[in-house]
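# Working through the structure, step by step
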Amino acid sequence: MKILIIEDEKHARNHLERMLLDLDPNTQITEKLGSVKKSVEYLRTKPEVDLIFLDIHLSDDLSFQIFEQVEVQIPIIFTTAYDQYAIRAFKVNSIDYLLKPIEAGDLSKALDKYRSYQPQYNMANLSQLVAQLKGEEKKFQERFIVSRGDKILSIPTSEVAYFEGEDRYVFLVTREGNRYIVDYRLSDLEDLLDPQHWYRLNRSFIAQFEVIDKIISLSKSRIKVELQPAARRDIFVSSANTRAFKEWLNR
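As a convention, each chain's residues are numbered from 1 in the sequence order in which they are written. Per-residue local features of the predicted model are confined to residues with pLDDT of at least 70, and side-chain atom pairs are confined, for both listing and counting, to 80 or more; whole-chain, interface and lining totals are unaffected and use all residues. Water and hydrogen atoms play no part in the side-chain values, which are based on all heavy atoms of the structure.

## A short note on the pairing of strand S9 (residues 169-174)
Most of S9 is tucked away: five of the six residues are buried. Counting the residues in the hairpin turn of strand S8 (residues 160-166) and S9 gives two residues, including Asp167, whose phi is positive at 55°. Summary of the burial criterion: residues with accessible area below 20% of their type's maximum are buried, those above 50% are exposed, and those between are partly exposed, where the area comes from a 1.4 Å probe applied to protein chains only. Secondary structure is summarised from DSSP: a helix means a run of H or I of at least four residues, a strand means a run of E of at least two, and numbering begins at the N terminus for each. Any two strands are treated as partners once DSSP identifies two or more bridges connecting them.

## Thoughts on the sheet that holds strand S2 (residues 28-33)
The sheet built from five strands is open, its strands ordered S2-S1-S3-S4-S5 with parallel pairing. Of all the strands in the sheet, just S2 and strand S5 (97-99) have a single pairing partner and so form its edges. Within this sheet the neighbouring strands show an average axis-to-axis angle of 15°, counted without direction. As paired strands, strand S1 (residues 2-6) and S2 are joined by five bridges and run parallel to one another. In the sheet register, Ile3 faces S2, and the bridge partner there is Ile29. By definition in these notes, contact holds between two residues if any of their heavy atoms fall within 4.5 Å. Lines fitted to C-alpha atoms define the axes here, with helix axes fitted over just the stretch in contact, and angles between the N-to-C directions of these axes take values from 0 to 180 degrees. Packing of helix H1 (residues 10-23) onto the sheet brings it into contact with S1, S2 and strand S3 (51-55), and relative to S2 it is tilted by some 170°. Here helix H2 (residues 36-43) sits on the sheet and contacts S1, S2 and S3; the angle it forms with S2, its principal contact strand, is near 140°.

## Section: the sheet that holds strand S12 (residues 205-208)
Strand order in the open sheet made by the five strands is S10-S9-S8-S12-S11, with antiparallel pairing throughout. A strand with exactly one partner marks an edge of an open sheet, and here the two such strands are strand S10 (179-182) and strand S11 (198-200). The mean inter-strand angle of the sheet, taken between neighbouring strand axes irrespective of direction, is 20°. Two strands pair when backbone bridges link them, and S8 and S12 are joined in this way by three bridges, in the antiparallel orientation. Residue pairing in the sheet places Glu164 in a bridge with Phe205 of S12.

## Quick word on the pattern of salt bridges
Pairing between side chains of opposite charge can happen when the charged atoms of each approach one another. The term salt bridge refers to a pairing of a side-chain nitrogen on Lys or Arg with a carboxyl oxygen on Asp or Glu at a separation within 4 Å. Applying the stated rule across the entire model yields eleven salt bridges. Close ionic contact of Lys2 with Glu48 constitutes a salt bridge, the shortest N to O distance being 3.0 Å. Of the two residues, Lys2 is situated in strand S1 and Glu48 in the loop between H2 and S3; the sequence distance between them amounts to 46 residues. Lys224 is the partner of Asp234 in a salt bridge, and the nearest nitrogen-oxygen pair spans 3.5 Å. With Asp234 in the loop between strand S14 (222-227) and strand S15 (235-237) and Lys224 in strand S14, the pair connects residues that are ten residues apart, well separated along the chain. The structure contains a network of salt bridges with shared partners spanning Glu164, Glu166, Arg179 and Arg233.

## Overview of the pairing of S8
Counting buried residues along S8, six of its seven residues qualify, which places the element largely inside the surrounding structure. Across six bridges, S8 lies against S9 in antiparallel orientation. Considered in S9, the bridge of Phe163 is made with Leu172.

## With respect to the packing of aromatic side chains
Any pair of Phe, Tyr and Trp rings, taking the six-membered ring for Trp, is counted once the centres come within 6.5 Å. Such a pair is stacked with planes under 30 degrees apart, edge-to-face with planes over 60 apart, and tilted for the rest. Within this structure, the stated rule accounts for nine aromatic pairs. When the ring of Tyr162 is compared with that of Phe205, the centres are 6.0 Å apart and the planes differ by 55°; the resulting orientation is tilted. Placement of the pair is Tyr162 in strand S8 and Phe205 in strand S12, with a sequence separation of 43 residues. Owing to a relative accessible area of 2%, Tyr162 belongs among the buried residues under this scheme. Where Phe209 meets Trp248, the ring centres are 5.5 Å apart and the plane angle is 75°; that geometry is what we call edge-to-face. Here Phe209 is found in the loop between S12 and strand S13 (212-219), whereas its partner Trp248 is found in helix H8 (residues 242-249), with 39 residues between them in sequence. In this structure an aromatic cluster arises from ring pairing among Phe144, Phe163, Tyr184 and Trp198. Either the NZ atom of lysine or the CZ atom of arginine qualifies as a charge over a ring when it sits within 6 Å of the ring centre and within 35 degrees of the ring normal. Sitting over the face of the ring of Phe171, Arg179 holds its NZ or CZ atom 4.4 Å from the ring centroid. Over the aromatic face of Phe236 sits the side chain of Arg222, whose NZ or CZ is 4.3 Å from the ring centroid.

## Topic: the environment of Val70
Inspection of the secondary structure assignment puts Val70 in the loop between helix H3 (64-67) and strand S4 (76-80). For Val70, a relative accessible area of 9% puts it in the buried group. Measuring from C-alpha to C-alpha, the distance between Val70 and Glu41 comes to 8.8 Å, with 29 residues separating the pair along the chain. Here Val70 is in contact with Val40, Leu43 and Arg44, once residues within four sequence places are set aside.

What follows is the structure, given as structure tokens:
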């Protein structure tokens, strides 16, 4: 099988390629691209490709822009960080998706689905799918409302350094070190924050990429993270989460 990978994150491209080759060493990766512009240029050459793995967010635009510039008659499996609700359209149109981070078992099932659909694969619904997904594009939280005394403040998400769960409360900590209680659970915040920029370090902390100050390797499977502004307690990434965290950093 000849496969084209369109994904702007280097570690995600390489991770997907490794998994594909592990599943079938005879797989040929024809190209790995990271932008709408390069993808359009490549697809205009009418390459011999059996299947495309396509990320929704690319370095220069949403991947939907590809279909507005070049006709694509190649089956597609989308890779996305969208939640289950936002990607119902994939099911309706019989085009599969892989929810990031991609698991080997999910990848294998997606390939099986592609093979079973290949003889009668119909691209007629692709434009409908693109229209649906454009309308369902994930919107992330742009600001948080907090209180200080009798004052109500609106804090842009870009000014937030991290969120910390402590006892029954969740605190928003700004880049200037101010702390505010917010009426969210950390699990709620995971859905509201852009995973490209935010990471759930452990059960108590969600941090923004730019405020990670130091990463200290304590062992092969244990990492200590220091933030700026500094947290009031040590932050350790769980051993089960260490590999995923390193891949998220190596973007």
